[in-house]
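Remarks on the overall topology
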Amino acid sequence: MSEPTSYPGPEDDDALAAEYVLGVLGAEERAAVAARAAREAGFAARIAAWEGHLAGLDRHFAEVAPPASVKRALDRRLFADAAPRSGPLSRLLNSLALWRLGTLAAVAALVLVLATDLRRPQELTLVLSLDSADTAYGFVALYRPGAGGVEVVQTGGGAPDDGDLELWVFDAAGAPLSLGVVDGTTPPDPGALGALVDGADVAVTLEPPGGSRGRGPQGPVVATGRVIGL
Amino acid sequence: MPTPDDISRLIARVALADRPAFDSLYAHTSAKLFGVVLRLLNDRAEAEDALQEVFVKVWQRADRYTVSGASPMSWLIAIARNHAIDRLRARRGPAAPIDVAAEIADPAPSPEAATVAASERGRIENCLGRLDTYRAWAVRAAYLEGHSYRQIADRLDVPLNTVRTWLRRSLLKLRQCLEE
């Protein structure tokens, strides 16, 4: 297609916007239309209006569940360089710019900051630090009972090539309870958050995508640690 | 099933780089968007790759979504369709042949179509019904299957510029009907 992309009247602009939304234009013309929409708010609005006009056809697109590998690849691509979750903990660690120093330095800073944080003195905070003498993996986690789930920040080791890292806490009887995979995409086992008390043992294992299929960890332990109550 | 308001709120939180919101948005919308790119690209491996690109765009462009505009699902579907169609247009070699007769015969009016006829969703069907059969087919084939002017012209054995002229006219007629 080599027709010009600028048309004189508003009707022509509108037809061009419609053609773009419908998708019938060739590659070059599509690129030209997209570039123009980025420059001209009025033209972008015409395109948005046509998206609305034709949206009634969207129900003809059936839902098809994508394989889990797509989300994993997406997460690696978008978040590989960032702290795995963006919550108070990762913001705190990023603001301290300490997480790159490793688990011990991060925990020391975190304990100091949280212990001297007088804004919410009544709130019990638990810090979990996990690392390993044998692997590069390191994690720091924060849990405030009553304020959502456990937030985990990875301080070393990177993302596994295959599978997910899963966080566990051992209850008073020594039974492992899952706190979910460390990227926060699976929920904790019932009772797991209740087992998070000062001094409890915690561990991270490498499990199949989506976490262990059975009760308790099935893959190798990559880091261990203990809960510190503040 | 989340409401459109829920999806809007998730997109607003994604604009603030809220990753749990992004995970939740993915969980609620990826099946629909995968259905879109899979139908348009008709190639599973490429569709998986495209879905990844689509959500990268969602992550990057969430701050441009305005609640005042279209429904959040049609905003997301527009990103998916545009990406898939850009891929189709960049493909080399002749496009796969298409069978107009089969596609026209296929979407027989379902019982559902009758019940939604008066509703917002059914309006486009009504308005398409007022167009000539082949023009309505061309609109559907372009929107749902990603057919280009070239493919439509080849299939109907009509010069490309002729197709362009009547399709543009049909689209303006369609808009008039939708705005009635």
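Residues numbered from 1 in each chain as written. Chains lettered and ligands numbered in written order. Predicted model: local features only at pLDDT ≥ 70, side-chain atom pairs only at ≥ 80, totals over all residues.

Another aspect to go through is the overall build of chain A. Along the backbone of chain A there are six helices and seven strands. Listing every helix and strand of chain A by position from the N terminus yields α-α-α-α-α-α-β-β-β-β-β-β-β. Across the 230 residues that make up chain A, the buried fraction comes to 39%. Partitioning the contacts of chain A with sequence separation of at least 6, the portion at a separation of at least 24 is 58%. (Helix = DSSP H or I, 4+ residues; strand = E, 2+ residues; numbered from the N terminus. Buried ≥ 20, exposed ≤ 12 C-beta atoms within 10 Å, placed from the backbone. Contact = placed C-beta atoms within 7 Å.)

Our focus in this paragraph is the UniProt feature "domain: HTH luxR-type" (unreviewed entry) in chain B. Under the UniProt annotation, the feature "domain: HTH luxR-type" (unreviewed entry) is placed at residues 146–173 of chain B. Within residues 146–173 of chain B, the helical portion is 79% and the strand portion 0%, while the C-alpha atoms at the span's ends are 21 Å from each other. (UniProt positions renumbered as here; feature names shortened; annotations may be inferred.)

Let's shift gears to the pairing of strand β6 (residues 201–207) of chain A. Residue and element names in this part refer to chain A. Here six bridges tie strand β4 (residues 164–170) to β6, and the two strands are oriented antiparallel to one another. The residue bridging Leu 165 from the neighbouring strand is Leu 206, located in β6. In this structure, β6 lies alongside strand β7 (residues 221–229), joined through five bridges in antiparallel fashion. Among the inter-strand pairings, Val 202 is bridged to a residue of β7, identified as Gly 225. (Pairing = 2+ DSSP bridges.)

Residues and elements named next belong to chain B. Residues Leu 33, Val 37, Val 54, Ala 80 and Ala 84 are the most contacted members of the largest nonpolar core, which totals 32 residues. Ranked by residue count, the leading element in this core is helix α2 (residues 19–41), at 10 residues. Other than its neighbours up to four places away in sequence, Ala 80 contacts Leu 33, Val 36, Val 37 and Val 54. (Core = buried A, V, L, I, M, F, W, Y, C linked by C-beta atoms within 7 Å.)

This part takes up α2(B). Residues and elements named next belong to chain B. In this model α2 runs just 28 Å from its N-terminal to its C-terminal C-alpha over 23 residues, more than 12% under the 33 Å that 1.5 Å per residue would give. Of all the bends in α2, the greatest measures close to 55° and is centred on Thr 29. Positioned one or two residues after α2, Asn 42 has a phi angle of 55°, which is positive. (Expected span 1.5 Å × (residues − 1). Bend = angle between axes of the 7 residues up to and from the residue.)

Residue and element names in this part refer to chain A. Here helix α1 (residues 10–22) crosses helix α3 (residues 41–54) at 55°, and the two axes come no closer than 9 Å. What the angle tells us is that α1 and α3 run oblique. Pair α1 / α3 crosses with right-handed handedness. Note on element contacts: α3 touches α1 through Phe 43, Arg 46, Ile 47, Trp 50, Glu 51 and Leu 54, opposite Asp 13, Asp 14, Ala 17, Ala 18, Tyr 20, Val 21 and Leu 22. Split into classes, the residues belonging to the contact of α1 with α3 amount to nine nonpolar, no polar and four charged. (Axes fitted to C-alpha atoms, helices over the stretch in contact; angles between N-to-C directions. Parallel < 35°, antiparallel > 145°, perpendicular 65-115°, else oblique. Left-handed = near helix turned anticlockwise from the far one by under 90°. Nonpolar A, V, L, I, M, F, W, Y, C, P; charged D, E, K, R; others polar.)

Contacts between the two partners involve 41 residues from chain A and, on the opposite side, 51 residues from chain B. Of all elements in the fold, only α1, α2 (27–39), α3 and α4 (68–79) of chain A reach the threshold of two or more residues within the side of chain A that touches chain B. Counting residues per element, the side of chain A that touches chain B draws most heavily on α4(A), at seven residues. Counted by class, the side of chain A that touches chain B contains 21 nonpolar, nine polar and 11 charged residues.

This next bit is on the packing of helix α3 (residues 44–61) of chain B against helix α4 (residues 72–90) of chain B. Residues and elements named next belong to chain B. Direction vectors running N to C along α3 and α4 enclose 130°, while the axes themselves pass 9 Å from each other. Between α3 and α4, the angle is such that the two are oblique. The chirality of how α3 crosses α4 is right-handed. Along the contact surface, α3 presents Glu 46, Ala 50, Glu 53, Val 54, Lys 57 and Val 58, while α4 presents Leu 76, Ile 79, Ala 80, His 83, Ala 84 and Arg 87. Its residues assigned to classes, the contact of α3 with α4 comprises seven nonpolar, one polar and four charged.

Residue and element names in this part refer to chain B. Averaged over every residue, the pLDDT of chain B is 84; the share at 70 or more is 81%. In the predicted structure, residues 100–114 sits below a pLDDT of 50 and forms 10 contacts with residues beyond four places in sequence or in another chain. We note a pTM of 0.61 for the whole complex and an ipTM of 0.87 for its interfaces. (pLDDT = per-residue confidence, 0-100.)

Attention shifts here to the environment of A:Val152. Residue and element names in this part refer to chain A. Along the chain, Val 152 falls in strand β3 (residues 151–156). With 28 C-beta atoms counted inside 10 Å, the residue Val 152 sits in the buried group. Taking the C-alpha atoms as reference points, Val 152 and Val 127, separated by 25 residues in sequence, lie 9.9 Å from one another.

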